[in-house]
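# Descriptive structure summary
Letter by letter, the chains look like this.
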Amino acid sequence: MSRVYNFSAGPAVLPEEVLKEAAAEMLDYRGTGMSVMEMSHRSKAFEEIIGQAETDLRDLLQIPDNYRVLFLQGGASLQFSMVPMNLMKNRKADYIVTGQWAKKAFKEAQKYGEARAVASSEDKTFSYIPDCSDLPIAEDADYVYICENNTIYGTKFWKLPDTKGKPLVADVSSCFLSEPADVSRYGVMYGGVQKNIGPAGVVIVIIREDLITEDVLPGTPTMCQYKIHADAKSLYNTPPAYGIYICGKVFQWLKGRGGLAAMKEYNVKKAKILYDFLDASRLFKGTVVKEDRSIMNVPFVTGDADLDAQFVKEAAAAGFVNLKGHRTVGGMRASIYNAMPIEGVEKLVQFMEKFEEAHQA
Ligand SMILES: *Cc1c(COP(=O)(O)O)cnc(C)c1O
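All figures in this text were calculated on a predicted structure; none of them were measured in a lab.

Quick look at the environment of Lys-324 now. The residue Lys-324 is located in the loop between strand S13 (320-321) and strand S14 (332-335) in this model. Of the residues examined, Lys-324 reaches a relative accessible area of 58% and is grouped as exposed. When the C-alpha positions of Lys-324 and Phe-7 are compared, they lie 9.1 Å apart, and in sequence the two are 317 residues distant. In this structure Lys-324 touches Val-312, Gly-331, Met-332 and Arg-333, once residues within four positions along its chain are discounted.

Okay, here's the thing in structure tokens:
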């Protein structure tokens, strides 16, 4: 068996300990004589799995009692629709457009009401986070929307916007559980788990109770109503059971690692190794303004598309895979989520040093 260093943006690397545990339980989950994939979602064993997962997630993020945790399907992308369908009571929402995912969410919301872009960083290819300290938020806006960590461009909101009292809705897909967060500052926090938490197919929605109502836009499908899922404790229909089980194992792993404060420390350390190298390199350079850099997704370029391609190819041959930048931006991107060990980043930097030596002008 040989594992690579997987820098994919998602689906992404998972902790080896979690994969081994899941493998050991594959044929017989704790004396049930079956895999978690094969069991009823109404069984006692699965009820325990989903219950423990929620308890551990609440623990990790210190989620206040007036927030509900929902394990849903449809990926982060379905939330682009569910958010407006459930929250746009006045049919008005303000979006901060900091990348492709935010833009997709913004476009989707326009189907349901007046979605306005109150700030954007598109003028400089989304390489920074706009000043959000005094935005023209509408008096009757139902919410203010951000994508907190921009997976494709590698920027992060290190300071949340001033929403002027409106609920903040945040797509946290690529920074979920990478650091502690003050959930009480959000109306809704949601993320597809395939970036930093588990297998594709699960999206976790953390939502303040008063935002869960029957008063949704006309025609909203039953499956798209937060209240339906909240009332049924995420078991309205068959949930992505195996995915939830793996998420639960990752929550346990995170607790074993000391929780989110310890994780943040580790992630900052990892990212610093890579950024310090990029800042000193004569060949490679980062593409994002320093103060807005993500510690999860690190895009970089050589400035020469052919050389970029050569780097990606040689890196893959050396066991550093999925370093190609998003198809819409080119260059390289190293995603260094929670489960990427620090050795992976150290060895990548060593490889980059050698490549630089060989290709310097
Ligand atoms: C990957 C990603 C998405 C899309 O997720 P799906 O689960 O494929 O719909 C949305 N937002 C962010 C920030 C992402 O990183």
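Let us keep going from here.
Attention now goes to the domain arrangement of the protein. Under the domain assignment used here, the protein contains domain 1 (17-256) and domain 2 (259-359). Each of domain 1 and domain 2 was reduced to a C-alpha centroid, and the two centroids are 27 Å apart. Opposite the 26 residues of domain 1 that make contact, domain 2 presents 24 residues. Roughly 2100 Å² is buried in total at the junction of domain 1 and domain 2, and carbon and sulfur atoms are behind 58% of that figure. If you sort the residues of domain 1 by the area they bury against domain 2, Ile-152, Trp-158 and Ser-178 come out on top, with a joint share of 23%. For the pair domain 1 and domain 2, the number of links is 1 salt bridge. Note that Lys-264 is salt-bridged to Glu-179, the shortest N-O span being 3.3 Å. Taken together, domain 1 and domain 2 are joined by 13 residue pairs in polar contact (both at pLDDT 80 or more). Mapped onto the side of domain 1 that touches domain 2, the elements with two or more residues apiece are helix H2 (44-61), strand S7 (155-156) and helix H6 (241-256). For the side of domain 1 that touches domain 2, the element with the most residues is H6, which contributes 3 residues.

Let us look at the pattern of salt bridges. Using the criterion set out here, one finds 23 salt bridges in the structure. Between Glu-25 and Arg-30 there is a salt bridge; the shortest N-O distance is 3.2 Å. The class for Glu-25 is buried, based on a relative accessible area of 12%. Notably, a salt bridge pairs Glu-122 with Lys-103, separated by 2.7 Å at the nearest N-O pair. With Glu-122 in the loop between strand S4 (114-120) and strand S5 (144-147) and Lys-103 in helix H4 (residues 100-109), the pair connects residues that are 19 residues apart, well separated along the chain. One salt-bridge network, held together by shared partners, links Glu-21, Glu-25, Arg-30 and Lys-249.

Below, the discussion takes up unusual backbone geometry. Among all residues except glycine, the phi angle is most often negative; among peptide bonds, the trans geometry is most common. Of the consecutive residues Gly-10 and Pro-11, the connecting peptide bond is found in the cis state with omega at -10 degrees. Take Pro-11: it is sitting in the loop between strand S1 (5-6) and helix H1 (16-24). At Lys-164, a position not held by glycine, the phi torsion is positive, near 50 degrees. With respect to the secondary-structure elements, Lys-164 resides in the loop between S7 and strand S8 (168-171). Exposure remark for Lys-164: the relative accessible area of 39% places this residue in the partly exposed category. With a phi angle near 50 degrees, Lys-233 is a residue other than glycine that sits in the positive phi range. Tracing the sequence through the fold places Lys-233 in the loop between helix H5 (226-231) and H6.

In the vicinity of the ligand, the contacting residues are Gly-75, Ala-76, Ser-77, Phe-80, Trp-101, Cys-147, Asn-149, Thr-151, Asp-171, Ser-173, Gln-194 and Lys-195. Residue Ala-76 places a main-chain N or O atom 3.0 Å away from an oxygen atom belonging to the ligand. At a separation of 2.8 Å, an oxygen atom of the ligand approaches a polar side-chain atom of Gln-194. Protein chains bury 86% of the 380 Å² of accessible surface belonging to the ligand in isolation. The greatest single-element share of the shell around the ligand, amounting to 4 residues, is contributed by helix H3 (residues 75-87). Taken together, the residues of the shell around the ligand sort by class into 4 nonpolar, 6 polar and 2 charged.

This part covers the nonpolar core. Within soluble globular proteins, side chains that are nonpolar generally end up buried alongside one another. In this structure, Leu-61, Ile-204, Ile-206 and Phe-251 are the most contacted members of the largest nonpolar core, which totals 60 residues. Domain assignment of the residues forming this core places at least three in each of domain 1 (17-256) and domain 2 (259-359). When neighbours within four sequence positions are excluded, Leu-61 is seen to be in contact with Phe-176, Leu-177, Ala-181, Val-183, Met-189, Ile-206 and Leu-260.

Below, the discussion takes up the packing of aromatic side chains. Evaluated as defined, the whole model comprises 16 aromatic pairs. An angle of 20 degrees between the planes, with centres 4.6 Å apart, marks the rings of Tyr-95 and Tyr-145 as stacked. You can see Tyr-95 sitting in strand S3 (residues 92-97) and its partner Tyr-145 sitting in strand S5, a full 50 residues away along the chain. Overall, the relative accessible area of 0% leaves Tyr-95 in the buried class. With a relative accessible area of 1%, Tyr-145 lands in the buried category. Ring geometry for Phe-126 versus Tyr-153: centroids 5.0 Å apart, planes at 55 degrees, classification tilted. In this pair, Phe-126 is assigned in the loop between S4 and S5 and Tyr-153 in the loop between strand S6 (149-150) and S7, connecting sequence segments 27 residues apart. The two residues Phe-126 and Tyr-153 agree in class, both being buried. The cationic tip of Lys-124 hangs over the ring face of Tyr-128; the distance from NZ or CZ to the ring centre is 5.7 Å. Note that Lys-156 overlies the ring of Trp-158, its terminal NZ or CZ placed 3.8 Å from the centroid.

Thresholds, definitions, all that
- Residues numbered from 1 in each chain as written.
- Predicted model: local features only at pLDDT ≥ 70, side-chain atom pairs only at ≥ 80, totals over all residues.
- Heavy atoms only, no water.
- Helix = DSSP H or I, 4+ residues; strand = E, 2+ residues; numbered from the N terminus.
- Buried < 20%, exposed > 50% of the residue type's maximum accessible area, 1.4 Å probe, protein only.
- Contact = heavy atoms within 4.5 Å.
- Domains from an automatic or database assignment.
- Buried area = accessible area lost by both parts, 1.4 Å probe.
- Salt bridge = Lys/Arg side-chain N within 4 Å of Asp/Glu carboxyl O.
- Polar contact = N/O pair within 3.5 Å; in protein donor to acceptor, adjacent residues only side chain to side chain.
- Near = heavy atom within 4 Å.
- Areas by Shrake-Rupley, 256 points an atom, 1.4 Å probe, with all protein chains shown as cover.
- Nonpolar A, V, L, I, M, F, W, Y, C, P; charged D, E, K, R; others polar.
- Core = buried A, V, L, I, M, F, W, Y, C linked by side-chain atoms within 4.5 Å.
- Phe/Tyr/Trp six-rings, centres within 6.5 Å; stacked < 30°, edge-to-face > 60°.
- Lys NZ or Arg CZ within 6 Å of the ring centre and 35° of its normal.

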